[in-house]
Structure formats: C-alpha cells, structure tokens
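Here is how the chains run, residue by residue.
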Amino acid sequence: MKIIMLGAPGAGKGTRASLIAEHYGIPHISTGDIFRANLKAGTELGLEAKKYMDAGELVPDNLTVKILLDRVAQEDCTGGYVLDGFPRTINQAEVLEAELKKINDKIDFAIDVDVSDEVIEARMAGRRVCTKCSATYHIEYAPTKEEGICDKCGGEAVLRADDAPETVRQRLKVYHEQTQPLINFYKERGILRMVAGSGSIEDALTAVIEVLEQG
Ligand code: AP5
Ligand code: MG
Ligand code: ZN
C-alpha cells in the first residue's frame, strides 16, 4: 500500500505515519526527517535545507524531489510506503504521479489529518524529537519515560529548531498557500480520505486503519 499523509505542520502526520508503517511493515519516509538527518551529518544538502526550514519556508523542489524519488526507488519500498511531508506543492504531486505512472504504479490513498491552527500552536511548543532516531514525543500528550531521553534509542529528545512560535506561524501560512491545494488534487483523483487530528494519540492508528480498510 502506498500512502501519503497530508496535513498542516504539527497536525500529527509523523505520529500517524510511524504507527501505520509499523502496522503494515512498510517504510515511513519523511522528507523533513531526511533533511534533519543530513543537517546532523553536516552534508551540503542539510546545510542548504536548514536555511529554508529555519525560516519556515519550503525547501525548493530542485532539492526535494530527487531525494524523494531516489528514496522510493529503493528495495524496501517495493511493498509500499507511507510518505510524510511529501508532496507539499502541486508540482511535487504532479512529478510523483508522473514518475509512478512510468512504472505502472500509483498512490493508493492520501490521508488528510485535519486540525485547527490553534491546536497546532499548542502542540508544537510541547513537542520533543529524538535527534538520533526521529521518534516524536509531547511533554504532555506523549511524554518520554525519562525527561529529555528517547524511549526507543536513548538519544536526546529536544525541541525542533523550527518549532519557535513565529516560525510555526510562518509554516502554517506557507501550508495554507502551497500545500492545502493538494487536498483537492487528491479529492479529484478519488483517493482522498479525511481523519480528525483532534482525537487522542492512542486512537490515531485505529482511526486511520478503519479508513484504509474501508477502501
Ligand atoms: P516536516 O518535518 O515535514 O514538518 P511539518 O510538515 O511542518 O510537520 P511536523 O513534522 O512539524 O508535524 P507533524 O504533522 O509530523 O506532527 P507530529 O506527528 O510531529 O518539515 C519540516 C520542514 O522541512 C518544512 O517546513 C520545509 O522547510 C522542509 N520540507 C520537508 N518536506 C518538504 C517538501 N516536500 N518540500 C519542501 N520542503 C520540505 O505531531 C506534532 C506534536 O503533536 C507531537 O509532539 C505529537 O506528539 C503531538 N500529537 C500528535 N497527534 C496528537 C494527538 N492526536 N493528540 C495530542 N497530541 C498529538
Ligand atoms: Mg513530522
Ligand atoms: Zn531515538
């Protein structure tokens, strides 16, 4: 199954994508995580992406698209994948669609995680992300067992550089302008499914699976 997670920054795409990936045994591919891993490793790509990420802007398509297409062409993606944070522009969606078509393939579902901007601003301030394995926590809703330490790998769980309130507001603005139009793009193709982002994290997987199994 090939799934796209849509939704505003902080809607809970990553949280859900990781649960879906685990449930179906398919890779969870987040372009944001790929950029952050590159930054941590000090690559040129990471340093270039950081300029845009820290400003709350999108990383240009010429950097983003190739990375994603290379990733989904890897061996572990043959049985499907969950894309989290890609596509983010109509152009990215069109390129992905065209590339998949070349190999007689397509996306099965685009899931829109719907949450209000107010809820998002509150969520971001409490988010903590592992610098080693990208596992995501929330100080109130999904805390680590030990403060600041990742449960999964023992790495450091910290606030993301782009989670400062001003940057979050800019990311939301960019989302509404450039990414929200994708909801219609996938609705027109008949593969859009909506899930409420406001339920508890515990119920998040059940809600998505229900939607996916209904077809
Ligand atoms: P990216 O890393 O994708 O960030 P984002 O889209 O802004 O989304 P987030 O990761 O912030 O939120 P999320 O929806 O994953 O929410 P989460 O599950 O963590 O991208 C970062 C940057 O990289 C972009 O701004 C851009 O610059 C660049 N970039 C990446 N992809 C790109 C592309 N394709 N093109 C161009 N540029 C690109 O949840 C948020 C918090 O809420 C967590 O703490 C979580 O524990 C908590 N939470 C989740 N669900 C619930 C719930 N139901 N109840 C209570 N708390 C919850
Ligand atoms: Mg995320
Ligand atoms: Zn970790």
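Everything below is about the structure printed above this text.
Predicted model only: the values in this text are computed from it and were never measured.

Can you help me understand the sheet that holds strand 5 (residues 127-130) in this one?
A sheet is described by the order of its strands in space; here three strands give the open sequence 6-5-7, paired in antiparallel fashion. Strands at the two margins of the open sheet, each flanked by one partner only, are strand 6 (136-138) and strand 7 (157-158). Lying over the sheet, helix 6 (residues 117-126) contacts strand 5 and strand 6, oriented at roughly 50° with respect to strand 5.

It is not clear to me how the sheet that holds strand 1 (residues 2-7) should be interpreted in this structure. Could you clarify?
Two strands in a sheet stick together by hydrogen bonds in their backbones, pointing the same way (parallel) or opposite ways (antiparallel). Taken together, five strands build an open sheet; the order of strands is 2-3-1-4-8 and the sheet is parallel. For this open sheet the edge positions go to strand 2 (28-30) and strand 8 (192-196), each flanked by a neighbour on one side alone. Between one strand axis and the next, the sheet turns through 25° on average, direction left out of account. Here four bridges tie strand 1 to strand 3 (residues 81-84), and the two strands are oriented parallel to one another. Across the sheet, Met-5 pairs through a bridge with Asp-84, a residue of strand 3. The sheet strands contacting helix 8 (residues 181-188) are strand 1, strand 4 (109-114) and strand 8, and the helix crosses strand 1 at an angle near 145°.

What counts, and where the lines are drawn
- Residues numbered from 1 in each chain as written.
- Chains lettered and ligands numbered in written order.
- Predicted model: local features only at pLDDT ≥ 70, side-chain atom pairs only at ≥ 80, totals over all residues.
- Heavy atoms only, no water.
- Pairing = 2+ DSSP bridges.
- Helix = DSSP H or I, 4+ residues; strand = E, 2+ residues; numbered from the N terminus.
- Contact = heavy atoms within 4.5 Å.
- Axes fitted to C-alpha atoms, helices over the stretch in contact; angles between N-to-C directions.

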